[in-house]
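Per-entry structural report
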Amino acid sequence: MGSTVKSLQGQHHELADSSFQLKVLQAPSRQGNRFPDFAMQLQTHDLYPLQPTGTTILQVNVGKMCNQTCRHCHVDAGPDRKEIMTRDTMQLCLDALQLSPQITTVDLTGGAPEMNPDFRWFVEELSKLGRQVIVRCNLTIILANKKYHDLPAFFRQHSVHVVSSLPYFQASRTDAQRGDGVFEKSVKALQLLNGVGYGMEGSGLLLDLVYNPSGAFLPGSQASLEAEFRRRLRGGYQIEFNSLFCITNLPVSRYLDYLVQSGNYDSYMEKLINAFNPVAAAGVMCRNTVSVGWDGYLYDCDFNQMLDLKVAHGAPQHIRDFDATALDQRDIVLNQHCYGCTAGAGSSCGGETVK
Amino acid sequence: MNNTYYNPADLAKFGKISELQPEMGRKFFDYYEEVFKEGALTEREKALIALAVSHAVQCPYCIDAYSSECLQKGADENQMMEAVHVAAAIKGGAALVHGVQMMNKIKELTM
């Protein structure tokens, strides 16, 4: 099983080019108004330059290949993307981690990270290092091919923390965002994960869900949505999970394309800007995370990675030169998409940042 | 001057009503904020009620605002349309129940 929808890159779309995306983000609205500069907003709240508070998470994007082509994907991932992290680069990540005991969590993302041929080897090695491993599993990969059917057992064996996207508790909005039939397959995959203990009380096996709005609106309160998801998934499908993370869609790549195509770009940017919250800005995830690209280059976050905004000059640029102390001195690279992480209760790969 | 009574851009200017009467404006918006907080009813239930009322009072600004709000709070399309039907049933019922008044009058005036 795999999506037949082409990535922006596969379509030779102008938004496949990160410099064109940055041009769109910097452009004025259709009314000719300039959106307030994000860095200036931080300056107003004494948060500029934005600097790390200490790196504890290494987020590793092991490749852009995916069995799905979700409409909101900031990676522009899909079956036609061939960028994949090699075992040599994974080894460089392991070497960096060995020198950095303060990094307690390794967050694996993609694409579908499980499609990287060295994925299991990497998880095993990370596990040996005693780090908490998070896998951002799109759920349908478990059912995509026989070779992935044992993933729940593999995850359990290495106490992997599974974080899975499920934008809604019904097929309509889930499939609109992630592709036809994705909801049904996601439900089956969640039941399989529950079957080996994930999300079940007392198992110690964490299964968290990620909610991204399926459209041009912001996420509501995480606690309220979590309660509704629990009620609907338990009642309708006997599915259990630990927490729901609400993540705001950032205007990057395919979500940016959706906003522009649907005529929602200006109003969405206005929503993000009007919802700017300095408390959320102080707690953004780029302050405790370093993101590694499939080719080993370093970024402040996965969004900057997709916009080709590498960590600031002067800081180590590649995983082979990783130095957590030097990286903790850097200024974080900002742009207009950063408004996505500072709106309302904030947004990060772990959900809301304002508790 | 606009050549229509309703301009979508005016919705974002709602707060400006306080400019001509700050004290009453402040009291209204404080009250408004309090009303929509999670309480005995969830924020989602309140947004659905607001959506129904928006249709009953036929306020385009409110329909715009509370359609977005309902989506944001996680309401589904069926819930939203059912809320609109509740408004329609009450509006329709309100018209029809006056039929009793009409029937009383018929009785009064006819042999």
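As the structure is a computational prediction, the values presented were derived from the model and not from experiment.

Let us now look at the overall build of chain A. Helices and strands together make up the secondary structure of chain A, namely 14 helices and eight strands. Taking 355 residues into account, the globule formula puts the C-alpha radius of gyration at 20 Å, and chain A, at 19 Å, falls close to it. Principal axes of the C-alpha set define a box for chain A whose edges measure 55 × 45 × 40 Å. Out of the 355 residues belonging to chain A, those deemed buried represent 52%. Of the contacts formed within chain A by residues at least 6 apart in sequence, a portion of 74% connects residues at least 24 apart.

Turning to the overall build of chain B, a few remarks are in order. On a plain count of helices and strands, chain B comes out with four helices and zero strands. Mapped from its N terminus to its C terminus, chain B presents α and β elements in the order α-α-α-α. At 19 Å, chain B has a C-alpha radius of gyration far larger than the 13 Å of a compact globule built from 111 residues. Seen through its C-alpha atoms, chain B measures out along the principal axes to roughly 60 × 35 × 30 Å. Each of the 111 residues in chain B was classed as buried or not, and the buried ones make up 15%. Counting contacts in chain B only where the partners sit at least 6 residues apart, residues at least 24 apart contribute 59% of the total.

Quick look at the nonpolar core now. The nonpolar side chains of soluble globular proteins are, as a tendency, buried together. Counting 114 residues, the largest nonpolar core has A:Leu58, A:Cys93, A:Val133, A:Val135 and A:Val162 as the members making the most contacts within it. In contact with A:Cys93, not counting residues within four places along its chain, are A:Leu58, A:Val60, A:Val292 and A:Ile319.

The partner chain A presents eleven residues to the eleven residues of chain B that form the contact. When contributions to the side of chain B that touches chain A are tallied by element, the ones reaching two or more residues are helix H2 (43-56) and helix H3 (60-72) of chain B.

Take the pairing of strand S1 (residues 57-61) of chain A next. All names here are of chain A. Most of S1 is tucked away, with five of its five residues classed as buried. After leaving S1, the chain enters helix H3 (residues 87-98) and then returns to the sheet as strand S2 (residues 105-109), a path that is right-handed. Judged from the four bridges that link them, S1 and strand S7 (residues 289-292) form a sheet pairing that is parallel. Residue pairing for S7: Ile57 is matched across the bridge by Thr289.

Our next topic: the UniProt feature "domain: Carboxymuconolactone decarboxylase-like" (unreviewed entry) in chain B. As recorded in UniProt, the sites labelled "domain: Carboxymuconolactone decarboxylase-like" (unreviewed entry) are residues 22-102 of chain B. Secondary structure content for residues 22-102 of chain B is 83% helix and 0% strand, while the C-alpha to C-alpha distance between its ends is 46 Å.

With that settled, consider the confidence of the model for chain B. On average, residues of chain B score 95 in pLDDT, and 98% of them reach the 70 mark or higher. Both scores are available for the predicted complex, with the pTM at 0.91 and the ipTM at 0.77.

All names here are of chain B. Where H2 meets H3, the closest approach of the two axes is 9 Å, and the angle between their N-to-C directions is 155°. Relative to H3, the element H2 lies roughly antiparallel. Remark: the crossing between H2 and H3 carries left-handed chirality. Of the residues in H3, those in contact with Ala47, Leu48, Ala50, Leu51, Ser54 and His55 of H2 are Cys62, Ile63, Tyr66, Ser67, Glu69 and Cys70.

Turning to the sheet that holds strand S6 (residues 244-246) of chain A, a few remarks are in order. All names here are of chain A. Here we have eight strands laid out as an open sheet, ordered S6-S5-S4-S3-S2-S1-S7-S8, and mixed in their pairing. Bordering the open sheet on either side are S6 and strand S8 (298-299), each of which pairs with just one other strand. Alignment of strand S4 (residues 161-165) against strand S5 (residues 207-211), held across four bridges, turns out to be parallel. Pairing of Val162 across the sheet is with Leu207, part of S5. Packed on one face of the sheet, helix H9 (residues 222-237) meets S5 and S6 and runs near 135° to S6.

For the α-helix, the turn length of 3.6 residues means that residues three or four positions removed from each other point alike. All names here are of chain A. Taking 1.5 Å per residue, 16 residues should reach 22 Å; H9 reaches 21 Å between its end C-alpha atoms and fits that length. Those residues of H9 not exposed but buried are Gln222, Leu225, Glu226, Glu228, Phe229 and Leu233. Buried residues along H9 cover an arc of 165° about the axis, so they all sit on one side. H9 presents Arg231 and Gly235 as exposed residues on the side facing more than 90 degrees away from its buried surface.

This part takes up the packing of helix H7 (residues 171-178) of chain A against helix H8 (residues 182-195) of chain A. Residue and element names in this part refer to chain A. Between H7 and H8, the shortest axis-to-axis distance is 8 Å and the interhelical angle comes to 105°. Between H7 and H8, the angle is such that the two are roughly perpendicular. Here Ala171, Thr174, Asp175 and Arg178 of H7 come into contact with H8, specifically with Val182, Phe183, Glu184 and Ser186. A breakdown of the residues in the contact of H7 with H8 according to their chemical character gives three nonpolar, two polar and three charged.

What follows covers unusual backbone geometry. If a residue is not glycine, its phi is most likely negative; likewise, a peptide bond is most likely trans. Residues and elements named next belong to chain A. Tyr48 connects to Pro49 through a cis peptide bond whose omega is -5°. The topology assignment puts Pro49 in the loop between helix H2 (38-44) and S1. Backbone torsion omega between Gly110 and Gly111 reads 20°, so that peptide bond is classified as cis. By the secondary structure assignment, Gly111 is in the loop between S2 and helix H4 (119-128). You will see that Asp46, though not glycine, has its phi angle at about 55°, which is positive. Within the secondary structure, Asp46 sits in the loop between H2 and S1.

Reading guide: rules and limits
Note on numbering: residues in each chain are counted from 1, in written sequence order. Chains carry letters from A onward and ligands carry numbers from 1 onward, assigned in written order. In keeping with the model being predicted, local features are shown solely for residues with a pLDDT of at least 70 and side-chain atom pairs are shown and tallied solely at 80 or more, while totals for entire chains, interfaces and linings include all residues. Counting from the N terminus, the helices are DSSP H or I runs at least four residues long and the strands are E runs at least two residues long. Using C-alpha atoms as the atom set, the radius of gyration is obtained and then compared with a globule rule of 2.2 Å times the number of residues to the power 0.38. Between the buried cut of 20 or more and the exposed cut of 12 or fewer other C-beta atoms within 10 Å of a residue's own C-beta lies the partly exposed class, and all C-beta atoms are placed from the backbone. Contact definition: two residues whose C-beta atoms, as placed from backbone geometry, lie within 7 Å. Note on definitions: a nonpolar core is a set of buried residues drawn from Ala, Val, Leu, Ile, Met, Phe, Trp, Tyr and Cys, linked by C-beta atoms within 7 Å. When the strands point away from the viewer, a crossover counts as right-handed if the path from the first strand over the helix to the second runs clockwise. In this analysis, strands are considered paired if DSSP registers two or more bridges between them. UniProt positions are given in the numbering used here, feature names are shortened, and annotations may be inferred rather than shown by experiment. pLDDT measures how confident the predictor is about each residue, on a scale from 0 to 100. Angular values range over 0 to 180 degrees, each being the angle between N-to-C directions of two axes fitted as lines to C-alpha atoms, with helices fitted over their stretch in contact. Throughout, the term roughly parallel applies to angles under 35 degrees, roughly antiparallel to angles over 145, roughly perpendicular to angles from 65 to 115, and oblique to all others. Should the near helix be turned anticlockwise from the far one by less than a right angle, the crossing is left-handed, and should it be turned clockwise, the crossing is right-handed. Working rule for helices: expected span equals 1.5 Å times residues minus one. Read the arc as the range of directions from the helix axis to the C-beta atoms. Under the scheme applied here, ten amino acids are nonpolar (Ala, Val, Leu, Ile, Met, Phe, Trp, Tyr, Cys and Pro), four are charged (Asp, Glu, Lys and Arg), and all others, including Gly, are polar.

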